[in-house]
Amino acid sequence: MKEIKSHSNEYIKMLKSLKRKKGRDDQGKYIVEGSKTIEEAVRYGQEEIECILVSDKNSITAGFARHKGIDLIAVPYEIIQQIADTKSPPKEIACLKKQENLPDYDGNFYVAMDDINDPKNLGTIIRTADAAGADGVFISRNSADLYGPKAQRAAMGSTFHLPIEVCDLMEALSRLRETGVKVISGCLEGSSELPAQIGRACVVIGNEARGISAQVREASDDLYKIEIYGRAESLNASVAAGIMLYDVRKNLI
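Residues numbered from 1 in each chain as written. Predicted model: local features only at pLDDT ≥ 70, side-chain atom pairs only at ≥ 80, totals over all residues. Heavy atoms only, no water.

What follows concerns the nonpolar core. The nonpolar side chains of a soluble globular protein tend to be buried with one another. Within the largest apolar cluster, 50 residues are counted, with the highest numbers of intra-cluster contacts made by Ile 52, Leu 122, Ile 126 and Val 137. For this core, the leading source of residues is helix α10 (residues 237-251), giving six residues. If sequence neighbours within four positions are ignored, Ile 126 has contacts with Met 113, Val 137, Ile 139, Leu 146, Ala 155, Ser 158, Thr 159, Leu 162 and Ile 164. (Core = buried A, V, L, I, M, F, W, Y, C linked by side-chain atoms within 4.5 Å. Buried < 20%, exposed > 50% of the residue type's maximum accessible area, 1.4 Å probe, protein only. Helix = DSSP H or I, 4+ residues; strand = E, 2+ residues; numbered from the N terminus. Contact = heavy atoms within 4.5 Å.)

Laid out in structure tokens, this is it:
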């Protein structure tokens, strides 16, 4: 196990730069925090892990990493605080290399995000897509950064379970439709009724403020509205995504 105590160490400086999207883009790396997410990364994407930093050499995560042959670096907790995004981070963080695990177009159930700006919403939708058994997730290029710390925390390791592509969303939807996938988009002007039987589907969640774009609306086979029974104008994007995903999932044949 390597040990680093200096805050000015060059590798530590590089890890600190990953707080910013530019740093993540330049380095092709990102940070995840906490034992649960790190263990999911080890189980499902071990080849992505560059190293795990721990402030407790005897922690369960440290033992788990040693057993799997992953590089460990022992650091003071103050260094973890400087690298992590949260004020009181867990005692372990990991540096991962970005690696593509792109969806194929042979599945039955997909989720797409049309310019989701809030990274917490983005991560939560990925986690919900995972729970609902989605075959893949498509994210428009103008959405929040998939590799940002807030999105990764909200996803709770689900980014390692699902194929995910950051893409030109219109191209992805067009290709899905060509393979027989029905595009069902959330829209306040849509119908509150879904088709009774759906063979294959992609659920599209729109921007928190604007909803789906005009182009996505035009490319949709169905527009679905979640009924609002109270006085709220609309639902949070990730909450709406959860309802839509399970409503559509129940109608898949």
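After that view of the structure, there is still more to cover.
All chains considered together, the criterion is met by 18 salt bridges. Of the charged contacts in the structure, one is a salt bridge between Glu 50 and Lys 29, with a shortest N-O distance of 2.9 Å. Placement of the pair is Glu 50 in strand β3 (residues 49-54) and Lys 29 in strand β2 (residues 29-33), with a sequence separation of 21 residues. For the pair Glu 50 and Lys 29, a shared accessibility class is recorded, and that class is buried. In this structure, Arg 210 and Asp 115 form a salt bridge, with 3.9 Å as the shortest nitrogen-oxygen distance. (Salt bridge = Lys/Arg side-chain N within 4 Å of Asp/Glu carboxyl O.)

This part is about the sheet that holds strand β10 (residues 201-205). Across the sheet, which stays open at both edges, the six strands sit in the order β8-β7-β6-β10-β9-β11 with parallel pairing between neighbours. With one partner strand each, in any of the chains shown, β8 (164-167) and β11 (222-224) form the two edges of the open sheet. Averaged over all pairs of adjacent strands, the angle between their axes in this sheet comes to 30°, without regard to strand direction. As judged from the five bridges shared by strand β6 (residues 109-113) and β10, these two strands associate in the parallel manner. Note on β10: the bridge partner recorded for Met 113 is Ile 205. Sheet strands in contact with α10 are β6, β9 (182-191), β10 and β11, and its direction is about 165° off that of β10. (Pairing = 2+ DSSP bridges. Axes fitted to C-alpha atoms, helices over the stretch in contact; angles between N-to-C directions.)

On to helix α1 (residues 10-17), then. Those residues of α1 that fall on the buried side of the exposure criterion are Ile 12, Met 14, Leu 15 and Ser 17. In this fold, the buried residues of α1 make contact with α2 (21-27), β2, β3, α5 (77-83) and β5 (92-97). Its side-chain oxygen 2.8 Å from the backbone nitrogen of Tyr 11, Asn 9 forms the N-cap of α1. (Polar contact = N/O pair within 3.5 Å; in protein donor to acceptor, adjacent residues only side chain to side chain.)

This part takes up the packing of helix α3 (residues 35-45) against helix α4 (residues 60-68). It is the contact of α3 with α4, at a shortest axis distance of 10 Å, that shows an interaxial angle of 10°. Viewed along their axes, α3 and α4 adopt a mutual orientation that is roughly parallel. Taken together, the residues of α4 that come into contact with α3 (itself represented by Ser 35, Ile 38, Glu 39, Val 42 and Arg 43) are Ile 60, Thr 61, Phe 64 and Lys 68. Split into classes, the residues belonging to the contact of α3 with α4 amount to four nonpolar, two polar and three charged. (Parallel < 35°, antiparallel > 145°, perpendicular 65-115°, else oblique. Nonpolar A, V, L, I, M, F, W, Y, C, P; charged D, E, K, R; others polar.)

Among the five residues in β2, five count as buried, and that is most of the element. Alternating positions in β2 separate into two faces, Lys 29, Ile 31 and Glu 33 on one and Tyr 30 and Val 32 on the other, with burial throughout. The pairing of β2 with β5 spans five bridges and is antiparallel. Bridge pairing in β5 places Ile 31 opposite Cys 95.

Geometric descriptors of this kind do not, in isolation, establish any biological role.
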